[in-house]
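What follows is each chain in one-letter form.
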Amino acid sequence: MTGVGIDGIEIHTGKLRLDLPETFAPAMGDSPEKYTKGLGLHASSFPDTYEDIVTMGANAAHRLMRRKGLEPDDIGRIDVATESAFDHSKPVSTYIAGCLEDVFEGDFHHANKGERKFACVAGTQSIDDAYNWIRADRHRGRAALVITTDTALYARDDPGEATQGAGAVAMVIDEDPDLVELSTEQGYGSADETDFLKPQQQFPSVDGKRSVNVYLARMREALVDYQRVGGTIHAEDFRLGPFHTPFPGMVRKAALLAYRHITRDTDIEDELAAEIGRQPRSEAFDDDETYREALSEYTDALKETERYRSWYDRTIDPTLDISRRVGNWYTCSVHVARVSGLKSLAEDGEDAAGKRLLVGSYGSGAQAEIHVETIQENWREEIDALNIDEQLADRYELTFAEYEDVHDAHNHDEDAAVEEFTTPDSEFAFDGWGRMGERKYRFVE
Ligand code: HMG
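Below or above, wherever it landed, is the structure these notes cover. (Residues numbered from 1 in each chain as written. Predicted model: local features only at pLDDT ≥ 70, side-chain atom pairs only at ≥ 80, totals over all residues. Heavy atoms only, no water.)

1. A closer look at the packing of helix H7 (residues 248-263) against helix H10 (residues 306-315)
Counted only if it meets this: Each axis is a line fitted through C-alpha atoms, and for a helix only the stretch in contact is used; angles between axes span 0 to 180 degrees, taken between their N-to-C directions. Secondary structure follows DSSP: runs of H or I at least 4 residues long count as helices, runs of E at least 2 residues long count as strands, and numbering of each begins at the N terminus. What sets the label is the angle itself: under 35 degrees gives roughly parallel, over 145 gives roughly antiparallel, 65 to 115 gives roughly perpendicular, and the rest give oblique. Each crossing is labelled by how the near helix is turned from the far one, with a counterclockwise turn of less than a right angle marking it left-handed and a clockwise turn marking it right-handed. Working rule for contacts: check all heavy atoms of both residues, and any pair within 4.5 Å makes them a contact.
Contact geometry for H7 and H10: axes closest at 11 Å, N-to-C directions at 125°. Classed by the angle they form, the pair H7 and H10 counts as oblique. Between H7 and H10 lies a crossing whose hand is right-handed. Seen from H7, the contacting residues are Arg252, Ala255, Leu256 and Tyr259; seen from H10, they are Arg307, Tyr308, Trp311 and Tyr312.

2. A look at the site of the ligand
We count it as follows: Whether a residue is near a molecule or strand is decided by its heavy atoms; if any one of them lies within 4 Å of it, the residue is near. As used in this structure description, the phrase polar contact means that two N or O atoms lie within 3.5 Å; if the pair is within protein, one of them must be able to donate a hydrogen and the other to accept it, and residues adjacent in sequence are counted only when both atoms belong to side chains. Shrake-Rupley sampling with a 1.4 Å probe provides the accessible areas, and residues are treated as covered by the protein chains on show and by no other component. Charged means Asp, Glu, Lys or Arg here, nonpolar means Ala, Val, Leu, Ile, Met, Phe, Trp, Tyr, Cys or Pro, and polar covers whatever is left, Gly included.
Around the ligand, a shell composed of 28 residues is seen, among which Lys34, Glu83, Cys120, Lys209 and Lys253 lie nearest. Between Ser211 and the ligand, the recorded distance is 2.8 Å, taken from a side-chain N or O atom to a nitrogen atom. Isolated, the ligand exposes 1100 Å² of accessible area, and the fraction of that covered by the protein chains is 73%. The set of elements that each furnish at least two residues to the shell around the ligand consists of helix H2 (32-39), helix H6 (208-230), H7 and strand S11 (356-363). Counting residues per element, the shell around the ligand draws most heavily on H2, which supplies five residues. Tallied by class, the residues present in the shell around the ligand amount to 12 nonpolar, 10 polar and six charged.

3. Let's talk about the environment of Gln125
Assignment of secondary structure puts Gln125 in helix H5 (residues 122-135). Between the C-alpha atoms of Gln125 and Ser361, which are 236 residues apart in sequence, the distance is 9.3 Å. Apart from residues no more than four positions distant in its own chain, Gln125 is found in contact with Arg116, Lys117, Phe118 and Gln367.

4. Topic: empty space enclosed by the protein
For clarity, the threshold we go by: Any residue with an atom within 4 Å of a point lines the site, the site being either a cavity, points on a 1 Å grid over the protein atoms alone where a 1.4 Å probe fits but cannot get out, or a pocket, an open set with protein on both sides within 12 Å along at least 5 of 7 lines. Grid points are joined across faces, edges and corners, and a volume is the space filled by probe spheres set on the points.
Under the definition given, this model contains two cavities of 30 Å³ or more. Counted as a void, the largest cavity has a volume near 90 Å³. Elements with a contribution of two residues or more to the lining of the largest cavity: H7 and H10. The leading source of residues in the lining of the largest cavity is H7, at three residues.

In structure tokens:
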């Protein structure tokens with residue numbers, strides 16, 4: 001059976017940059033280290049006034065289709081995953097298809113279009129849908145276009161404001177993929193949670209501290225569930241572990257717990273025993289509280305071991321580089337982490353074909369998903385074609401006052417006339433409102 005996976009990928013960042021330690025922290029009365037050391041974030045990307053989820057998604061998809069030599073007829077399905085949609089009926093994929101039809105010959109009239117919602121995990125779910133559609137042989141030889149796109153803004157003065165971001169990722173899912181092949185095996189951890197939600201409102205209601213614990217709990221369940229079908233996971237089996245990254249500090253916590261879990265009852269636990277003892281087992285304790293204290297002490301000691309640190313530096317840290325520079329892009333975040341990790345391998349000249357990734361997606365509300373990906377022969381060409389470093393370097397640097405204006409410009413409850421900070425160039429831009437309240441777009445040459 002031919003493999004199915006991600007054949008190509010492109011990233012589009014919002015064109016404005018807010019420096020967190022230098023600009024945001026002083027204005028909020030925070031220490032810069034809360035951002036650089038605690039959350040692990042240096043900057044956020046923001047959309048300019050003519051950018052939104054449609055322009056960012058269409059720009060990423062346009063570049064990807066051009067680079068891969070794809071025409072609309074080659075695409076049988078367009079799924080958009082977002083939690084920033086502005087229309088309860090007409091899916092964002094129709095707006096993006098409309099944009100693309102302005103610049104390509106042909107149309108997407110026979111492509112199945114939809115929109116996926118489950119907080120940040122929806123992008124991975126759209127890849128899943130595409131995978132199943134191809135595997136069921138309903139695709140007529142065509143590929144699927146999966147686009148994740150979000151303006152991840154929080155209300156002013158919400159603690160989440162520190163983790164904002166905006167951008168899009170476009171991916172082609174196809175047979176015999178050039179970048180990574182997806183495993184059939186998956187694990188899920190899913191429960192009805194009230195940690196982050198947007199009931200008929202633009203900005204989320206968030207219980208930040210609780211959301212961190214829910215992320216860790218669901219991710220752990222997904223890992224255990226994955227092992228039921230995929231077999232035992234060994235720490236050294238995976239070259240990279242791209243995880244959903246709302247901020248790098250979150251992944252730092254998740255990686256430590258994952259490492260503790262996958263090294264239990266292994267040679268690694270035995271080797272570390274002389275230095276930090278063995279992992280506490282619940283059966284050895286009279287009550288849960290003492291067991292949890294012992295587990296927490298073991299985990300703190302594990303974090304300081306050379307063995308753990310070198311695993312973290314090799315497997316996790318490379319996946320966080322782009323996130324540090326852009327913030328949380330919700331549905332895009334795990335896909336940005338994958339690119340970040342692969343980009344680092346390419347920069348080091350590593351021969352990575354055949355190596356595997358343990359991919360952990362997560363969406364509040366809440367659901368985690370774990371699957372495995374295998375790096376393909378042509379991966380290097382795909383990663384070398386990205387221009388994300390140039391895009392990041394070209395962003396307009398916001399002052400705090402300008403940040404306040406941009407936030408107002410994107411706030412549906414504010415009527416703020418804010419001039420654009422950059423000039424659109426060979427890209428889609430928002431072009432005002434139509435007679436039925438629809439958003440209109442044009443390609444600016
Ligand atoms: P906060 O109250 O602003 O920050 O909330 P804090 O005081 O907890 O500080 C953050 C970290 O910086 C802490 O590290 C501090 O110790 C450290 P920790 O103890 O947790 O390891 N710190 C410092 N370190 C060094 N020097 C200093 C210093 N000061 C502080 N001077 C919070 C942080 C993440 C809760 C907030 O930003 C928030 O609510 N964010 C939004 C929710 C979120 O991102 N949750 C993550 C899990 S849920 C998820 O990932 C889903 C999501 O993507 C949505 C979706 O699925 O759709 C959000």
